[in-house]
Amino acid sequence: MIPSDRLPHIRSQFPALSRRQDGRPYLYLDGPGGTQVPRRTIEAMAAYLERNNANHEGAFPTSEESDAVLAEAHAAAADFLGADSAGEVVFGQNMTTITFALSRAIGRTLRQGDEIVVTRLDHDANVAPWLALQEERGAVVRWVEIRPDDCTLDMAGLERALGPRTRVVAVGMASNAVGTINPVSRIVAMAHHVGAWTYVDAVHAAPHLAIDAAALGTDFLVCSPYKFFGPHLGLLYGRRELLHRLAAYKVRPAADEPPGKWETGTLPGESIAGLLGTFDYLEWLGREFGGAQIDATDRRAALVAAMLAIRATERGLALQALTALGEVPGLTLRGIVDPARIDDRVPTFAFTLAGRTPREVATELGRRGIAVWDGDYYAYELIRALGLDESGGMVRVGLVHYNEPAEIERLAQALREIARPTAVPAPTR
Ligand SMILES: Cc1ncc(COP(=O)(O)O)c(C=O)c1O
């Protein structure tokens, strides 16, 4: 856990956090849409552009240096994701683009009537690419519903959706709308039991939870560094044998082996260099606050320690937010609201405020220098399943480890101001 007296030091490493509006610190609660980055990330990006900027596989020093950066980033990302080797890590533009590419490659192996399981809780980037295979390959899509009372997956429904024709189970690790953590280990085991592959969307889990792709046993796992304190990029873990076996859509001169065969076109070298800066920051965090002595060469141990320290820190923030939001008049919070179940969620909260549309609330907060999201944030099915699509969805507030308890108080105070007092009927004469 990060001690509260060390939080100013953490925050000082994120230049964006010094932004002010109307004399007050700007309050970033838009982490689920993209987090801020530490100075090391910015410096690593600038250093790459100043010194190593070159294309791949040239016979000259800057190209060799750039390739060394890419190789190191694959190795570091493998450590972050718990992959067995750097060859199991693929960089791409973002999670959505990677998922369209992978799902199309998987689609090539499907036969008419093969089944794909998707969920109502997932971001549309782990739904729409699979729905496309209905049209293109005659695949049958089966849905796992949510339990509307706490926005958790209907696991009995998942059991029923699985069968001998299931080829893929696409599921999120944590909901980007309501923060639910799904029982992914169990889901992977259930999918494998019927011989299906698993495609895990860890985009919203990555800033909050330690990821161990190999221990999960998942076939694929995707996330986006810009959601976990890095630059705009996408990241895929794929089981080695599958990355080799599946046919990629690629240009002929590009590598035939993974990861190169999946990394379409020229990679954004400066972003990948920046990601190394992010891993550097997280490694520092893990060694500083992880609690145990970590071997200087063990990057994976330091990264896991960082994520465990982050998780422990966020637990306190999540409990405080549950209480503070619960006390705002007219506020209805969706998802897991029982503090006893805090370990089943990440600190991402979605709610409505009586008498105000989510856009009005977000605009009012924005005027006060508080950044939050409203709408469906592409959790398209969930917002419809909750019947909120016609009324503007929900307001979403996302906390990460650099947020402070005082910021939650400031949010709650602003929401109390924005909440319309219940109309008092005019006195009759
Ligand atoms: C849970 C989840 N999955 C997928 C995505 C899509 O990620 P990207 O923007 O990298 O395509 C997001 C982005 O908001 C997300 O929150």
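Just so it is clear, the model here is predicted, and its values are computed rather than measured.

1. Describing the overall build of the protein chain
For step 1, the next point in the chain: In terms of regular secondary structure, the protein chain is built from 14 helices and 17 strands.
For step 2, the next point in the chain: What you see for the protein chain is a C-alpha radius of gyration of 22 Å, in line with the 22 Å of a compact globule of 429 residues.
For step 3, the next point in the chain: For the protein chain, the C-alpha atoms occupy an extent of roughly 85 × 50 × 35 Å along the three principal directions.
For step 4, the next point in the chain: Nonlocal contacts in the protein chain, meaning residues at least 24 apart in sequence, comprise 69% of its contacts between residues at least 6 apart.

2. Topic: the site of the ligand
For step 1, the next point in the chain: Near the ligand, the surroundings consist of 14 residues, among which Asn94, Thr96, His123, Asn176 and Ser224 are the closest.
For step 2, the next point in the chain: When its residues are assigned to classes, the shell around the ligand shows five nonpolar, eight polar and one charged.

3. Details of the sheet that holds strand S14 (residues 348–353)
For step 1, the next point in the chain: One open sheet holds the four strands; their spatial order is S13-S14-S17-S16, and the pairing between them is antiparallel. Single-partner strands in this sheet number two, and they are strand S13 (331–334) and strand S16 (373–375). For this sheet, the mean angle separating the axes of adjacent strands, direction not counted, is 30°.
For step 2, the next point in the chain: Of the strand pairs in this sheet, S14 and strand S17 (residues 394–398) are connected by four bridges, and their pairing is antiparallel. Counterpart to Ala350 in the pairing with S17 is Arg396.
For step 3, the next point in the chain: Relative to S16, helix H12 (residues 358–367) is tilted by about 165°, and along the sheet it contacts S14, S16 and S17.

4. Quick notes on the domain arrangement of the protein chain
For step 1, the next point in the chain: Segmenting the protein chain into domains produces domain 1 (4–33 + 313–416) and domain 2 (42–278).
For step 2, the next point in the chain: Relative to domain 2, the C-alpha centre of domain 1 lies at a distance of 27 Å.
For step 3, the next point in the chain: Each side of the interface is counted separately: domain 1 has 24 residues, and domain 2 has 22 residues.
For step 4, the next point in the chain: Of all the elements in the fold, those that place two or more residues in the side of domain 1 that touches domain 2 are S14 and helix H13 (380–385).

5. So, the sheet that holds strand S12 (residues 234–238)
Backbone hydrogen bonds hold the strands of a sheet together, and the pairing may be parallel or antiparallel.
For step 1, the next point in the chain: Here seven strands make up an open sheet; going across it, the order is S4-S12-S11-S10-S9-S5-S6 and the pairing mixed. Each end of this open sheet is capped by a strand with a single partner; those strands are strand S4 (89–92) and strand S6 (140–144). Direction aside, neighbouring strands of the sheet carry axes that sit 20° apart on average.
For step 2, the next point in the chain: Relative to the sheet, helix H3 (residues 61–81) contacts S4, strand S11 (220–223) and S12, its axis offset from that of S4 by approximately 110°.

6. Thoughts on unusual backbone geometry
For step 1, the next point in the chain: In the segment running from Pro258 into Pro259, the intervening peptide bond is cis, with an omega of 0°.
For step 2, the next point in the chain: Topologically, Pro259 is positioned in the loop between helix H9 (240–245) and helix H10 (269–289).
For step 3, the next point in the chain: Phi angles above zero are rare outside glycine, and Tyr377 is one such case at about 45°.
For step 4, the next point in the chain: Residue classification places Tyr377 among the buried residues on the basis of 22 C-beta atoms within 10 Å.
For step 5, the next point in the chain: Look at Tyr378: it is not a glycine, yet its phi comes out positive at around 70°.
For step 6, the next point in the chain: Looking at the secondary structure, you find Tyr378 in the loop between S16 and H13.
For step 7, the next point in the chain: Since 19 C-beta atoms lie within 10 Å of it, Tyr378 is described here as partly exposed.

7. Section: the environment of Leu282
For step 1, the next point in the chain: The topology assignment puts Leu282 in helix H10.
For step 2, the next point in the chain: Leu282 gets classed as buried once you count the C-beta atoms within 10 Å, which come to 26.
For step 3, the next point in the chain: Distance from Leu282 to Arg299, taken between C-alpha atoms, is 9.7 Å for residues 17 residues apart in sequence.

8. Concerning the pairing of S12
For step 1, the next point in the chain: Buried residues dominate S12, accounting for five of its five residues.
For step 2, the next point in the chain: Judged by which residues are buried, S12 turns out to be covered on both faces: Gly234, Leu236 and Gly238 on one side and Leu235 and Tyr237 on the other are all buried.
For step 3, the next point in the chain: As paired elements, S4 and S12 share four bridges and run antiparallel to each other. Residue Val89 lies in a different strand from S12, and its bridge partner there is Tyr237.
For step 4, the next point in the chain: Pairing geometry for S11 and S12, over four bridges, is antiparallel. Residue pairing in the sheet places Cys223 in a bridge with Leu235 of S12.

9. Quick look at helix H2 (residues 39–52)
For step 1, the next point in the chain: Taking 1.5 Å per residue as the helical rise, H2 with its 14 residues ought to reach 20 Å, and the 19 Å between its terminal C-alpha atoms agrees with that figure.
For step 2, the next point in the chain: All of the buried residues in H2 are Arg40, Thr41, Ala44, Met45 and Tyr48. End-on, the buried residues of H2 take up no more than an arc of 140°, which puts them together on one face. The exposed set on the far side of H2, more than 90 degrees from its buried face, consists of Glu50 and Arg51.
For step 3, the next point in the chain: As for H2, its buried residues are in contact with H3 and H10.

Rules used in this analysis
- In this convention, every chain numbers its residues from 1, walking through the sequence in written order.
- The model is predicted, so local features are restricted to residues of pLDDT at least 70 and side-chain atom pairs to those at 80 or more, both for listing and for counting; the totals for chains, interfaces and linings are taken over all residues.
- Each helix is a run of H or I in the DSSP string that is no shorter than four residues. Each strand is a run of E no shorter than two, and both are numbered from the N terminus.
- Restricting the calculation to C-alpha atoms gives the radius of gyration, and the globule rule supplies 2.2 Å times the number of residues raised to the power 0.38.
- C-beta atoms are first placed from the backbone for all residues, and any pair lying within 7 Å is then listed as a contact.
- Here, nearness means that the C-beta atom of a residue, built from backbone geometry, sits within 6 Å of the molecule or strand in question.
- When residue character is reported, Ala, Val, Leu, Ile, Met, Phe, Trp, Tyr, Cys and Pro are called nonpolar, Asp, Glu, Lys and Arg charged, and the others, Gly included, polar.
- At least two DSSP bridges between two strands are required for those strands to pair.
- With axes taken as lines fitted to C-alpha atoms, and helix axes fitted only over the stretch in contact, angles between N-to-C directions fall between 0 and 180 degrees.
- Residue ranges for the domains originate in an automatic or database domain assignment.
- We call a residue exposed when 12 or fewer other C-beta atoms sit within 10 Å of its C-beta, buried when the count reaches 20 or more, and partly exposed for counts in between; the C-beta positions come from the backbone.
- Multiplying one less than the number of residues by 1.5 Å gives the expected span of a helix.
- The arc refers to the directions leading from the helix axis to the C-beta atoms.

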